[in-house]
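Spelled out from the first residue to the last, the chains are:
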Amino acid sequence: MDPYIFGAFALAYLGLLVWVLKKQRFWTLMSVLAAVALALVYDNGILAVGSLIGEGALLEGLSLARFWLHALVTPTLILFSLGAMRQAGIGWARKGWAALLFWAAAIAAVVVEFVTVLSDLKLEKDESYGVLSYSSAEEASGPPAMILIVLAALLVAGVFLAWKAGSWWMLAGTIAMTIGSMFNPDIPSEAATNLFELILIASLAVTKVKLEHKETGSEASGSHVLE
């Protein structure tokens, strides 16, 4: 059953990617969400078709790319957080020190993931619930440090967007993702828990589209008044 769930997730992320790109008005830091969605299409797609590819070097190489994409692309959500606050007109987010802080956090998240995961990564074949993949031989003892850094940035941005701009989507999605990552429900599936990740990315997509649309609408209204 899990291959079908992962396949459905891949299609959902593809739909979000197309929607975000179609609605995009201009390129900002929030545009990194497209790269994140594309990486998740790949990640879930490989898990969905792993059993069709079969055991061997090809699937192992494709699985290794999943880990590298995760390490390099996921931390860009920290920059998305900064971009969303800037788009919402939150003053301190436009300061030079804020840019330095968030860029430093994003780089630190990549470095942390490399040191804690990639530098000593050993892949082994894993078969569970119909999914054939290559995963880390070391079992995770808790949420990865990189994910905690990303969630912290999203939470800060989500609070400020809800407080200053009245936009609750990012905060709700981040809270859902945080709660979801804390539980390991006893269900016959390893894919179902990834639903919280999809909820988070969907909430960020809605945040991006609404903030950009709001600014464009304000500009159009202002132009009309000046005319």
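Rules used throughout
- Residues numbered from 1 in each chain as written.
- Predicted model: local features only at pLDDT ≥ 70, side-chain atom pairs only at ≥ 80, totals over all residues.
- Heavy atoms only, no water.
- Helix = DSSP H or I, 4+ residues; strand = E, 2+ residues; numbered from the N terminus.
- Rg over C-alpha atoms; globule rule 2.2 N^0.38 Å.
- Buried < 20%, exposed > 50% of the residue type's maximum accessible area, 1.4 Å probe, protein only.
- Contact = heavy atoms within 4.5 Å.
- Areas by Shrake-Rupley, 256 points an atom, 1.4 Å probe, with all protein chains shown as cover.
- Core = buried A, V, L, I, M, F, W, Y, C linked by side-chain atoms within 4.5 Å.
- Phe/Tyr/Trp six-rings, centres within 6.5 Å; stacked < 30°, edge-to-face > 60°.
- Lys NZ or Arg CZ within 6 Å of the ring centre and 35° of its normal.
- Salt bridge = Lys/Arg side-chain N within 4 Å of Asp/Glu carboxyl O.
- Expected span 1.5 Å × (residues − 1).
- Patch = residues over 30% accessible without salt bridge, like charges linked within 9 Å, V, L, I, M, F, W, Y side chains within 5 Å.

So, about the overall build of the protein. Each helix and strand counted, the protein has 8 helices and 2 strands in total. Going residue by residue from the N terminus, the α and β elements of the protein occur as α-α-α-α-α-β-β-α-α-α. Taken over C-alpha atoms, the radius of gyration comes to 19 Å for the protein, in line with the 17 Å a tight globule of 227 residues would show. In terms of its C-alpha atoms, the protein occupies a principal-axis envelope of roughly 65 × 30 × 30 Å. Within the protein, the fraction of its 227 residues that count as buried is 41%. Contacts in the protein between residues far apart in sequence, at least 24 positions, make up 74% of those at least 6 positions apart. As displayed, the protein offers around 12,100 Å² of accessible surface, 68% of which is attributable to carbon and sulfur atoms.

If you look at soluble globular proteins, the nonpolar side chains tend to sit buried side by side. Among the nonpolar cores identified, the biggest contains 47 residues, and Leu77, Phe80, Ile201 and Leu204 are the most heavily contacted of them. Only α1 (2-23), α2 (32-53), α4 (76-87), α5 (96-116), α6 (145-165), α7 (169-182) and α8 (195-226) provide two or more residues apiece to this core.

This part is about unusual backbone geometry. Glycine aside, residues mostly have negative phi, and peptide bonds are mostly found in the trans state. Residue Tyr129 is not a glycine yet carries a positive backbone phi of 50°. On the secondary structure map, Tyr129 appears in the loop between β1 (123-128) and β2 (131-136). The exposure class of Tyr129 is partly exposed, given its relative accessible area of 41%.

Our focus in this paragraph is the packing of aromatic side chains. Per the counting criterion, the structure on display carries 5 aromatic pairs. Summarising the aromatic geometry, the rings of Trp68 and Phe114 are spaced 6.2 Å apart at their centres and angled 50° between planes, so their arrangement reads as tilted. With Trp68 in helix α3 (residues 57-73) and Phe114 in helix α5, the pair connects residues that are 46 residues apart, well separated along the chain. Residue Trp68 is classed as partly exposed on the basis of its relative accessible area of 36%. Taking relative accessible area as the criterion, Phe114 reaches 40% and is therefore assigned partly exposed. Its end group placed over the ring of Phe67, Arg66 keeps NZ or CZ at 5.8 Å from the ring centre.

In this section: the pattern of salt bridges. Applying the stated rule across the entire model yields 5 salt bridges. Notably, a salt bridge pairs Glu55 with Lys125, separated by 3.2 Å at the nearest N-O pair. Taken as a pair, Glu55 in the loop between α2 and α3 and Lys125 in strand β1 lie far apart in primary sequence, 70 residues in all. Relative accessible area serves as the criterion here: at 37%, Lys125 is assigned to the partly exposed category. Residues joined in a network through salt bridges with shared partners are Glu55, Lys125 and Glu127.

Mapped onto the elements of the fold, Lys208 is located in helix α8. Other than its neighbours up to four places away in sequence, Lys208 contacts Val20, Gln24, Met30, Ser31, Leu33 and Phe80.

As for its placement among the helices and strands, Ser133 is situated in strand β2. Once residues lying within four places of it in the same chain are set aside, the contact partners of Ser133 are Leu47, Leu59, Ser63, Glu124, Lys125 and Asp126.

Before going further, it helps to examine α7. Across its 14 residues, α7 extends 20 Å between first and last C-alpha, which sits within 8% of the 20 Å expected from 1.5 Å per residue. Taken together, the buried positions of α7 are Met170, Leu171, Gly173, Thr174, Met177 and Gly180.

Another point: a nonpolar patch on the surface. Together, Leu64, Trp68, Leu72, Trp103, Ile107, Val111, Phe114 and Val115 give the surface a local cluster of nonpolar side chains, amounting to about 760 Å² of exposed area. Counting residues per element, the ones that place at least two in the nonpolar patch are α3 and α5. Locating Ile107 in the fold gives a position in helix α5.

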